[in-house]
Amino acid sequence: MKKTFYYHFNKIDVCFLILLIELCFILLLGISHPWIWSAVLFTIVAWGYKNVIKHPAVVITDKDVKVDYSNPIEWKDIQSAKIRTVRLCGKDKKVLSLIPKEGIEYKYSYLQKNNCDFGPFPIPLYGVLSPADEQEIIRLVKEHVTVE
């Protein structure tokens, strides 16, 4: 069994609003300021990368779990999981933090080593996944480890 969950971002966000503002500048200034075109192109590419390409958030198999772009961690190396409330951009957000066992062999990334309250394997439960996906992830994690 392999189940992949993808991020679900809002299509109308800060990047989209910046793009609208830039388009207004183009209409007002015409082609006399070519730097505006590069800013618009950059914003279109950034918005498209975020909203058109599917970004995997969590991949769960019977053997392991992979969060974002980190290396997969085997279920046997996870001690438990805990739903935590962490501070992100001034707001409280919930994450399902997978807690690894002590002394396991795993190649942690820089972000995993320095991830504050999130822990090295945080699964977001604050709206960047669909509510159905969040519940399904919690259910699948519960099949493998204890969720506190």
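Predicted, not measured: the structure shown is a model, and the values here were computed from it.

When helices and strands are tallied, the protein shows 4 helices and 7 strands. Helices and strands in the protein line up, N terminus first, as β-α-α-β-β-β-β-β-α-β-α. On C-alpha atoms alone, the protein measures out to a radius of gyration of 19 Å, which is more than a quarter above the 15 Å that the 2.2 N^0.38 rule sets for 148 residues. Overall, the protein is about 60 × 30 × 30 Å in size when its C-alpha atoms are taken along their principal axes. Within the protein, the fraction of its 148 residues that count as buried is 37%. Expressed as a percentage of contacts within the protein between residues at least 6 apart in sequence, the contacts between residues at least 24 apart total 57%. For the protein, the accessible surface area stands at approximately 9600 Å², while carbon and sulfur atoms represent 62% of it.

What follows deals with unusual backbone geometry. In the Ramachandran plot, D68 falls in the positive-phi region, its phi being about 55 degrees despite a non-glycine side chain. By secondary structure assignment, the location of D68 is in the loop between β3 (64-67) and β4 (73-74). The backbone phi angle of C89 is positive, close to 55 degrees, even though this residue is not glycine.

To describe a pair of aromatic rings, one takes the distance between the centres and the angle between the planes. This structure, assessed with the given rule, holds 3 aromatic pairs. On the basis of an interplanar angle of 65 degrees and a centroid distance of 4.8 Å, the ring pair of Y106 and Y108 is categorised as edge-to-face. Residue Y108 is classed as partly exposed on the basis of its relative accessible area of 26%. Ring centres of Y108 and F121 lie 6.0 Å apart, and the angle between their planes is 45 degrees; this geometry places the pair in the tilted category. Here Y108, found in the loop between β6 (91-100) and α3 (110-113), pairs with F121, found in strand β7 (residues 121-124); they are 13 residues apart in sequence, far enough to count as distant.

Criteria and thresholds
- Residues numbered from 1 in each chain as written.
- Predicted model: local features only at pLDDT ≥ 70, side-chain atom pairs only at ≥ 80, totals over all residues.
- Heavy atoms only, no water.
- Helix = DSSP H or I, 4+ residues; strand = E, 2+ residues; numbered from the N terminus.
- Rg over C-alpha atoms; globule rule 2.2 N^0.38 Å.
- Buried < 20%, exposed > 50% of the residue type's maximum accessible area, 1.4 Å probe, protein only.
- Contact = heavy atoms within 4.5 Å.
- Areas by Shrake-Rupley, 256 points an atom, 1.4 Å probe, with all protein chains shown as cover.
- Phe/Tyr/Trp six-rings, centres within 6.5 Å; stacked < 30°, edge-to-face > 60°.

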